[in-house]
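# Analysis of the macromolecular model
Letter by letter, the chains look like this.
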Amino acid sequence: MVNELVGTGRHWVLGITGASGSVYGVRLAEELLDYGFTVNLVISNAGWRVLKEEMDFDASSRESELERRFGGRSGRLIYHPVADIGASIASGSFRAEGMIVAPCSMGTLSSIAHGSSDNLMTRAADVMLKESRPLVIVPRETPLHAIHLENMLKLSRLGVKMVPAMPAFYQRPRTLEEIVDFLVGKVLDTVGIPHNLFKRWGEES
Ligand SMILES: Cc1cc2nc3c(=O)[nH]c(=O)nc-3n(C[C@H](O)[C@H](O)[C@H](O)COP(=O)(O)O)c2cc1C
């Protein structure tokens, strides 16, 4: 299976699930690749469905679609099918810097909070928890009920960074791209990756 695209660098795991806001995951992949990281990408089946609905991704030829979308950047993309529970990122012995799940559905949030490890997405997140490595979750749903909130609280108490898909408007964004980049920048802030995706409050323009 040809699932290695371009470049080299330290490994990050990026999960895209079937919540609305697949553009967040796509922009994160672009940023991490442009930074020279190796992105280990997992996309749930529902994630592929939402990528198709929201961004016209071709889910029928997944690897060539990813190459078309992300090829040619300085980092390297490794695509792991979500059913491949034997992939490198399923093991704690694999050296990954951390994992970001963006956007994260309430279904995947629940599975991670309950340690179900029933597919590569939730297993890779479980590995981050057991190895005490950074795990960032970008939950997206509205309104939220008590189970959603309890799952977020449970993970937050374990040190998981919750970066909900909640854009801010004090920077007066003029485009959708600026709104998305604000959130992506907030995610990168939580893991200490420098970026220029938004102007910080108090910074000169
Ligand atoms: C277009 C579309 C948008 C969706 N948006 C959300 C959402 O914002 N949040 C959410 O929790 N689920 C959302 N769902 C439902 C999830 O995709 C569904 O619960 C799925 O089982 C999640 O599976 P996954 O966690 O494996 O990706 C959406 C589904 C579709 C088709």
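See the structure printed just above.
Definitions and cut-offs
- Counting restarts for each chain, with residues numbered from 1 along the sequence as it is written.
- The model is predicted, so local features are restricted to residues of pLDDT at least 70 and side-chain atom pairs to those at 80 or more, both for listing and for counting; the totals for chains, interfaces and linings are taken over all residues.
- Working from all heavy atoms in the structure, the side-chain values ignore hydrogens and water.
- Relative accessible area decides the class of each residue, using a 1.4 Å probe on protein chains only: under 20% of the type maximum gives buried, over 50% gives exposed, and in between gives partly exposed.
- In this text, helices come from DSSP runs of H or I with a minimum length of four residues, and strands from runs of E with a minimum of two, each type numbered from the N-terminal end.
- What the arc measures is the spread of directions leading from the helix axis to the C-beta atoms.
- Whether two residues touch is decided by their heavy atoms; if any such pair falls within 4.5 Å, the residues are in contact.
- Nearness here has a simple test: a residue counts as near a molecule or strand if at least one of its heavy atoms is within 4 Å of that partner.
- Under the rule applied, a polar contact is a pair of N or O atoms within 3.5 Å (in protein, one hydrogen donor and one hydrogen acceptor; residues adjacent in sequence only if both atoms are side-chain atoms).
- Note that accessible areas follow from Shrake-Rupley with a 1.4 Å probe, and for residues the cover is restricted to the protein chains shown.
- What counts as a ring pair is set by centres within 6.5 Å for rings of Phe, Tyr and Trp (its six-membered ring), and what kind of pair is set by the plane angle: stacked under 30 degrees, edge-to-face over 60, tilted for all other angles.
- Whether two strands pair comes down to DSSP finding at least two bridges between them.
- In this description, a line fitted to the C-alpha atoms serves as the axis of each element, helices being fitted only across the stretch in contact, and the angle between N-to-C directions of two axes falls anywhere from 0 to 180 degrees.

## Considering helix α2 (residues 45–55)
- Turning to α2, its buried residues number three or more, namely Gly47, Trp48, Val50 and Leu51. One face of α2 carries all of its buried residues, which in axial projection span an arc of 165°. Exposed and oriented more than 90 degrees from the buried face of α2 are Asn45, Arg49 and Glu53.
- Of the surrounding elements, those touching the buried residues of α2 are β1 (11–16), α1 (22–34), β2 (38–43), α3 (62–70) and β3 (76–81).
- Backbone geometry just downstream of α2 places Asp56 in the positive-phi region, at approximately 60°.

## Some words on the site of the ligand
- All residues in the neighbourhood of the ligand are listed as Thr17, Gly18, Ala19, Ser20, Ser44, Ala46, Val50, Ser105, Met106, Thr108, Arg140 and Glu141.
- Within the contact set of the ligand, an oxygen atom lies 2.7 Å away from a backbone nitrogen or oxygen of Gly18.
- Between the ligand and Thr108 there is a distance of 2.5 Å, counted from an oxygen atom to a side-chain nitrogen or oxygen.
- For the ligand, whose accessible area on its own is 640 Å², the fraction buried by protein is 63%.
- Of all the elements in the fold, those that place two or more residues in the shell around the ligand are α2 and α4 (106–113).

## Considering the packing of aromatic side chains
- One pass over the structure, following the stated rule, counts 7 aromatic pairs.
- With 6.3 Å between their ring centres and 80° between their planes, Trp12 and Phe37 make a pair best called edge-to-face. Taken together, the positions of Trp12 in strand β1 and Phe37 in the loop between α1 and β2 put the pair 25 residues apart, joining distant regions of the chain.
- With a centroid separation of 6.1 Å and an interplanar angle of 90°, the aromatic rings of Tyr170 and Phe182 are classed as edge-to-face. A residue pair is termed long-range when its members are at least 10 positions apart, and Tyr170 in the loop between β6 (161–162) and α7 (176–190) and Phe182 in helix α7 qualify at 12 residues.
- Owing to a relative accessible area of 5%, Phe182 belongs among the buried residues under this scheme.
- Members of the aromatic cluster, each reached through a chain of ring pairs, are Tyr170, Phe182, Phe198 and Trp201.

## Concerning the sheet that holds β2
- Spatially, β3-β2-β1-β4-β5-β6 is the arrangement adopted by the 6 strands of the open sheet, whose pairing is parallel. Each end of this open sheet is capped by a strand with a single partner; those strands are β3 and β6.
- Its contacts with the sheet place α2 against β1, β2 and β3, and it is angled at close to 95° to β2.

## As for the side chain of Thr108
- Looking at where Thr108 falls in the secondary structure, it is placed in helix α4.
- Beyond its immediate stretch of four places on either side in the chain, Thr108 contacts Thr17, Met121 and Thr122.

## Overview of α3
- Taken together, the buried positions of α3 are occupied by Glu65, Leu66 and Phe70. Projection of α3 onto a plane perpendicular to its axis shows the buried side chains occupying an angular sector of 105°, all on one side.
- As for α3, its buried residues are in contact with α1, β2, α2 and β3.
- Among the residues trailing α3, Gly72 stands out with phi positive, at a value near 85°.

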